[in-house]
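One letter stands for each residue in the lines below.
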Amino acid sequence: MVDQAGYHSIEMWGGATFDVPLRFLHEDPWDRLRQIRKRTKNTKLQMLLRGQNILGYKHYPDDIVVEFVKRSVGNGIDVIRVFDALNDMRNLETAVKAGKKAGAHMQGVISYTISPVHTTETYLNLVKQLIALGVDSICIKDMAGLLVPSVAYELVKHIKEITELPVQLHCHYTAGLASMSYLKALEAGVDIVDTAISPFALGISQSPTETIVAALKGTPYDTGLDLQILNEIAEYFKPLREKYILNHVLDPKALGVDVNALVYQIPGGMLSNLVSQLKQLNKIDKYDEVLKEIPRVRRDLGYPPLVTPTSQLVGSQAVFNVISGERCKIVPIEVKAYVRGEYGRPPVEISDEIKEKIISNESTISCRPADLLEPQLEKSRNEIKKYIEQDEDVLSYALFPDVAIDFFNYRIAKKYNIDTTPVGESDGVIFYPV
């Protein structure tokens, strides 16, 4: 039914939708893609790719990136939306080239954020870099829901002045701004906007599809989508939404407007992670202090956009600063790697004072981080020879080794009717008796 609605594309893979089914549902994400592709005849399938991070939280070698993109397209992906958390376009080069070679539509992203150093000119320069990479379209990714209507209009207007490429806008509803920003962006010439069916819209999700379709009906921006079909889709998902809320899988707070997003410029998902982290540490009383610390950490780290994985880095460092009572006394290894340059180039150079606090006299890198990584594909293949049932298994393992091995054991157990009652759990990975 979704395939009949008339969408430009369906984003249904990539991002967290690879790790989550593998880790928590023991479902093969590659098979999920193939199953949806088989049933989707009219609409393009789209995925989100974290550039050199692929779908993980660190940089992977070029051979893994190239093979992953090739297999994604081969299994049914039409459009690859590729972004880098730091807007370091060097981290998109390999993915864009591989996607173009495989025949995918490559959509280049600018990750939108607000800071003293992020101006309209900053974003236009990033768009020019994306054009130089050879992308097929541009996406403005407003992951924290901070794009106000007037800025949306100006940004889209200026981008359309420098390129004829299609421009797509992706806003989260966290601060309650998204629908208004969509309308102003449409007036400025944006080509596509991202929405979510109403039961799973609003809050840290997107604007409701039905609402946007109804608002544009009969205007020059009429989408042509069928409201009756959309209503039937919504009716299907309503009881599922209620089921997940009752089972505490879906937090109702995630579906509301959060004013903290406007005050602290923090994405909704990052807020959820902070609450969870502080509860585990029995320090939830420090929540407000952590929120106030985040802007300071962000400044220290060169004003990175708060999107995976930089949002996790900034959030964790803020938590450690507050609970230890001293800034940079405790520093996660990932933050040290970030300061060394292993995630790429931050929007602003990190000061020598902060570098000294975090990594002491360790050296930093200025090259594209992946240039320092050894090829990994064949090594990964050799490490899991006994488990391989499809070539894609090598990529699942390369990205999430422990999670993938557990899934492979589960798959063997199911195949031979072995008891799949869990025998243990570590860091969210459930282990089975194989």
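Residue numbers run consecutively from 1 along every chain, following the written order of its sequence. Given that the model is predicted, a residue must reach a pLDDT of at least 70 before its local features are reported, and side-chain atom pairs must reach 80 or more before they are shown or counted; all residues, however, enter totals for whole chains, interfaces and linings. Where side-chain values are given, they derive from all heavy atoms of the structure, hydrogens and water being excluded.

**A look at the nonpolar core**
The nonpolar side chains of a soluble globular protein tend to be buried, and buried together. Note the cut-off: The term nonpolar core refers to a set of buried residues drawn from Ala, Val, Leu, Ile, Met, Phe, Trp, Tyr and Cys, joined through side-chain atoms within 4.5 Å. For every residue, the accessible area obtained with a 1.4 Å probe (protein chains only) is divided by the maximum for its type, and the residue is called buried under 20%, exposed over 50%, and partly exposed between those limits. A contact between two residues is defined here by any heavy atoms of the two lying within 4.5 Å.
Core analysis: the largest hydrophobic core is formed by 72 residues, its most contacted members being Leu49 and Phe68. If we ignore the near neighbours within four places in the chain, the residues touching Leu49 are Ile54, Leu55, Phe68, Val69, Ile80, Arg81, Val82, Phe83 and Ala95. Within the second largest apolar cluster, 30 residues are counted, among which are Leu313, Ala318, Val331 and Ile350.

**Here's the deal with the side chain of Asp84**
Which entries qualify depends on this criterion: Secondary structure elements are defined from DSSP: runs of H or I of at least 4 residues count as helices, runs of E of at least 2 residues count as strands, and each element is numbered from the N terminus. Identification of polar contacts relies on pairs of N or O atoms within 3.5 Å, with a donor-acceptor requirement for protein atoms, meaning one able to donate a hydrogen and the other able to accept it, and with residues adjacent in sequence counted only if both atoms are side-chain atoms.
On the secondary structure map, Asp84 appears in the loop between strand S3 (79-82) and helix H4 (93-102). There is a polar contact of 2.9 Å between the side chain of Asp84 and the backbone nitrogen of Asp88. Within the structure, the side chain of Asp84 is placed 3.0 Å from the side chain of Asn91, a separation counted as a polar contact. Ignoring anything within four residues of it in the chain, the contact list for Asp84 reads Asn91, Leu92, Ser111 and Tyr343.

**A few points about the pattern of salt bridges**
Definition in use: Criterion for a salt bridge: a side-chain nitrogen of Lys or Arg within 4 Å of a carboxyl oxygen of Asp or Glu.
Inspection of the entire model under this criterion finds 31 salt bridges. The salt bridge partner of Arg296 is Glu293, with a shortest N-O separation of 2.8 Å. Of this pair, Arg296 and Glu293 both sit in helix H12 (residues 287-300), three residues apart, which is roughly one turn of the helix. Using a relative accessible area of 35% as the deciding quantity, one classes Arg296 as partly exposed. Close ionic contact of Arg381 with Glu378 constitutes a salt bridge, the shortest N to O distance being 3.5 Å.

**So, the packing of aromatic side chains**
Here a ring pair, both rings aromatic, is described through the centre-centre distance and the interplanar angle of the planes. The criterion, for reference: Here a pair means two rings of Phe, Tyr or Trp (six-membered ring of Trp) with centres within 6.5 Å. Their orientation is stacked below 30 degrees between planes, edge-to-face above 60, and tilted elsewhere. A ring has a charge above it when a Lys NZ or an Arg CZ is no more than 6 Å from the ring centre and no more than 35 degrees off the ring normal.
Inspection of the entire model under this criterion finds 13 aromatic pairs. Taken together, the aromatic side chains of Trp13, Phe18, Trp30, Phe68 and Phe400 make up a single cluster linked through ring pairs. Its end group placed over the ring of Phe83, Lys141 keeps NZ or CZ at 5.2 Å from the ring centre. One residue, Lys184, lies across the ring of Tyr153, its end atom 5.1 Å from the ring centre.

**A few points about unusual backbone geometry**
Note that the residue after Thr308, namely Pro309, is joined by a cis bond; omega there is 5°. Tracing the backbone shows Pro309 in the loop between H12 and helix H13 (310-324). A positive phi angle, close to 65°, is found at Leu202, a residue other than glycine. As for its position among the elements, Leu202 is in the loop between strand S8 (195-196) and strand S9 (207-208).

**Quick look at the pairing of strand S4 (residues 105-111)**
Remark: a regular strand shows side chains that alternate across the two faces of the sheet. Cut-off, in case you're wondering: In this scheme, strands are said to pair when DSSP sees at least two bridges between them. When the strands point away from the viewer, a crossover counts as right-handed if the route from the first strand across the helix to the second turns clockwise.
Most of S4 is tucked away: six of the seven residues are buried. Strand direction decides the pairing type here: S3 and S4, joined by four bridges, are parallel. Within the sheet, the bridge partner assigned to Val82 lies in S4 and is Gly108. Between the parallel pair S3 and S4, the chain is carried across by H4, and the sense of this crossover is right-handed. Of the strand pairs in this sheet, S4 and strand S5 (residues 137-142) are connected by five bridges, and their pairing is parallel. Opposite Gln107, over in S5, you have Ser137 as the bridge partner. Traced from S4 through helix H5 (residues 120-133) to S5, the parallel crossover comes out right-handed.

**Some remarks on the environment of Gln35**
Take Gln35: it is sitting in helix H2 (residues 29-39). Sequence separation between Gln35 and Gly76 is 41 residues; the distance between their C-alpha atoms is 9.4 Å.

**Let's talk about the sheet that holds strand S7 (residues 192-193)**
Stated formally: Axes, fitted as lines to C-alpha atoms, cover a helix only where it is in contact. Angles between the N-to-C directions of the axes lie from 0 to 180 degrees.
Spatial ordering of the open sheet is given by S1-S2-S3-S4-S5-S6-S7, a layout of seven strands whose pairing is parallel. This sheet does not close on itself; its edge strands, each paired only once, are strand S1 (9-14) and S7. In this sheet, strand S6 (residues 167-171) lies alongside S5 in parallel orientation, the contact comprising five bridges. The residue of S6 that forms the bridge with Lys141 is His170. Across the sheet, H2 touches S1 and strand S2 (44-49), and the angle it forms with S1 is around 165°. Where H5 meets the sheet, its contacts fall on S4 and S5, and the angle it forms with S4 comes to roughly 160°.

**Focus on the environment of Ser272**
Mapped onto the fold, Ser272 is located in helix H11 (residues 268-280). Residue class for Ser272 comes out partly exposed when judged on its relative accessible area of 39%. Separated by 21 residues in sequence, Ser272 and Asp251 place their C-alpha atoms 9.3 Å apart.

**Regarding a nonpolar patch on the surface**
Quick reminder of the rule: A patch consists of residues whose relative accessible area exceeds 30% and which take part in no salt bridge; residues with like charges are grouped when within 9 Å of each other, and nonpolar side chains (Val, Leu, Ile, Met, Phe, Trp, Tyr) when within 5 Å. In short, Shrake-Rupley with a 1.4 Å probe defines the accessible areas, and a residue's cover is counted only from the protein chains shown.
There is a patch of nonpolar side chains on the surface, built from Val20, Phe24 and Leu25 and spanning about 280 Å² of accessible area. Take Leu25: it is sitting in helix H1 (residues 19-25). For Leu25, a relative accessible area of 46% puts it in the partly exposed group.

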